[in-house]
Amino acid sequence: MDAQTCLKKMQLVGTLSMATVDENGAPQIRCVSAVHYEPDAVYFLTSRGKEMTRQLMADGRIQTLVHTRFNEMIRMSGR
């Protein structure tokens, strides 16, 4: 499945599971529902005071996972 198709299908999902990396290199998974989609990007909102923000600023890696109503799992990784 190409990236554009993945982004279109992800828009039909209300909540994304997002993983960051903590200071020990361990994955930390959260659910995020404040998401905005563009043709070539995914934006999400989080508070500056949250651990997720600190982990993103320190490491920069993130991975998302959604389960669509079409019974597909879509995973994206990025910085």
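Calculation notes
As a convention, each chain's residues are numbered from 1 in the sequence order in which they are written. At least 70 in pLDDT is required for a residue's local features to be given in this predicted model, at least 80 for side-chain atom pairs to be given and counted, and no such filter applies to totals for whole chains, interfaces and linings, which use all residues. As a rule here, side-chain values cover all heavy atoms of the structure and leave hydrogens and water aside. We define the nonpolar core as a collection of buried residues of types Ala, Val, Leu, Ile, Met, Phe, Trp, Tyr and Cys that are connected through side-chain atoms lying within 4.5 Å of one another. Here the term buried applies to any residue with accessible area under 20% of the maximum for its type, exposed to any over 50%, and partly exposed to those in between, with areas from a 1.4 Å probe on protein chains only. In DSSP terms, a helix is any run of H or I states spanning at least four residues, a strand is any run of E spanning at least two, and both are numbered starting from the N terminus. Contact between two residues is taken to exist if any of their heavy atoms lie within 4.5 Å; hydrogens are not considered. Note on terminology: disulfide denotes any pair of cysteine sulfur atoms within 2.5 Å. The arc in question is traced by the directions running from the helix axis to the C-beta atoms.

Chemist: Got a minute to help me understand the nonpolar core in this structure?
Modeler: One recurring pattern in soluble globular proteins: nonpolar side chains tend to sit buried together. Judged by nonpolar contacts, the single largest core of 13 residues is most densely connected at Met10, Leu16, Met18, Met52 and Val66. In terms of residues, this core owes the most to one element, helix H1 (residues 3-10), which gives three residues. Filtering out sequence-adjacent residues up to four positions away, methionine 10 remains in contact with Leu16, Tyr37, Thr64, Val66, Ile74 and Met76.

Chemist: Would you take a moment to explain the state of the cysteines for this structure?
Modeler: A covalent bond bridging the sulfur atoms of two cysteines is what the word disulfide describes. Taken as a whole and judged by the stated rule, the model has zero disulfides. Unpaired in this structure, cysteine 6 has its nearest cysteine sulfur neighbour in cysteine 31, at a distance of 19 Å. Since its relative accessible area comes to 62%, cysteine 31 is described here as exposed.

Chemist: I tried to follow helix H2 (residues 51-58) on my own but got confused; where do I start?
Modeler: All of the buried residues in H2 are Met52, Thr53, Gln55 and Leu56. When H2 is viewed along its axis, its buried side chains cluster within an angular range of 165° and face the same direction. Among the exposed residues of H2, those pointing more than 90 degrees away from its buried face are Met57 and Ala58. On its buried face, H2 sits against strand S1 (16-21), strand S2 (27-32), strand S4 (41-44) and strand S5 (62-67). Following H2 by one or two positions, glycine 60 has its phi on the positive side, about 90°.

Chemist: Just to check I follow, could you spell out H1 for this structure?
Modeler: An α-helical turn contains 3.6 residues, so any two residues separated by three or four positions project in the same direction. Those residues of H1 lying buried are Cys6, Leu7, Lys9 and Met10. One face of H1 carries all of its buried residues, which in axial projection span an arc of 165°.

Chemist: What am I meant to see in unusual backbone geometry here?
Modeler: Residues other than glycine predominantly adopt negative phi, and peptide bonds predominantly adopt the trans conformation. A positive phi angle, close to 60°, is found at asparagine 71, a residue other than glycine. Position of asparagine 71 among the secondary structure elements: in the loop between S5 and strand S6 (73-78). Judged by relative accessible area, which is 61%, asparagine 71 ranks as exposed.

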